[in-house]
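Structural features, examined
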Amino acid sequence: MSSNTAQHSNPILTPEHDDRRLNRKELLEHMLGDTALLTEMVRAFLMESETHLTELEQAVASGDARKVYVAAHTFKGAVSNFAAPLAVESAARLEQMGHSGNMSGATVEFAVLRREVELLKPLLLTACEALSQ
């Protein structure tokens, strides 16, 4: 198990205090300080993320490396807008697995990505609320 994977499963890593899960300062910089844009982007991500994750999950389950590559690449692009390194890194690992055709570990990595996204969602909402005040 790599140190990155071990870090993902570390229960001591708290969502509220981990800049690797969501870096609020960088997030606002990505949005050029525009909190309305941030809110709009977060809403779109929250509405579409489950569809993208389902597509990726199906691709992983089928072992279709090309579909994993495309779905992971698409999701990586979407989540990279939010200064969320752990989720981006996980999507990138899945993308690389699909690209190389080596799908060993893809199921475990998808579970890591799913967990990171579930932890990210409330952090994004909280960031929107805090930054818009």
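Residues numbered from 1 in each chain as written. Predicted model: local features only at pLDDT ≥ 70, side-chain atom pairs only at ≥ 80, totals over all residues. Heavy atoms only, no water.

1. Things to note about the environment of Asn23
- Of note, Asn23 is situated in the loop between helix 1 (3-8) and helix 2 (24-30).
- Given a relative accessible area of 18%, Asn23 falls into the buried group. (Helix = DSSP H or I, 4+ residues; strand = E, 2+ residues; numbered from the N terminus. Buried < 20%, exposed > 50% of the residue type's maximum accessible area, 1.4 Å probe, protein only.)

2. What to know about helix 4 (residues 65-79)
- Here helix 4 is 15 residues long and its end C-alpha atoms lie 21 Å apart, about the 21 Å a rise of 1.5 Å per residue gives.
- Within helix 4, the full set of buried residues consists of Ala65, Val68, Ala71, Ala72, Phe75 and Val79. The arc that holds the buried residues of helix 4, viewed along the axis, is 130°, so those residues lie on one side.
- The backbone nitrogen of Arg66 lies 3.2 Å from a side-chain oxygen of the residue at the head of helix 4, namely Asp64. (Expected span 1.5 Å × (residues − 1). Arc of directions from axis to C-beta. Polar contact = N/O pair within 3.5 Å; in protein donor to acceptor, adjacent residues only side chain to side chain.)

3. Some points on the packing of helix 4 against helix 5 (residues 85-100)
- It is the contact of helix 4 with helix 5, at a shortest axis distance of 7 Å, that shows an interaxial angle of 155°. Taken together, helix 4 and helix 5 sit at an angle that is classed as roughly antiparallel. Considering only the axes of helix 4 and helix 5, their crossing is left-handed. Between helix 4, through Ala65, Val68, Tyr69, Ala72, His73, Phe75, Lys76 and Val79, and helix 5, the contact on the second element is made entirely by Ala87, Val88, Ala91, Ala92, Leu94, Glu95, Gly98 and His99.
- Within the contact of helix 4 with helix 5, the residues separate by chemical class into 11 nonpolar, 3 polar and 2 charged. (Axes fitted to C-alpha atoms, helices over the stretch in contact; angles between N-to-C directions. Parallel < 35°, antiparallel > 145°, perpendicular 65-115°, else oblique. Left-handed = near helix turned anticlockwise from the far one by under 90°. Contact = heavy atoms within 4.5 Å. Nonpolar A, V, L, I, M, F, W, Y, C, P; charged D, E, K, R; others polar.)

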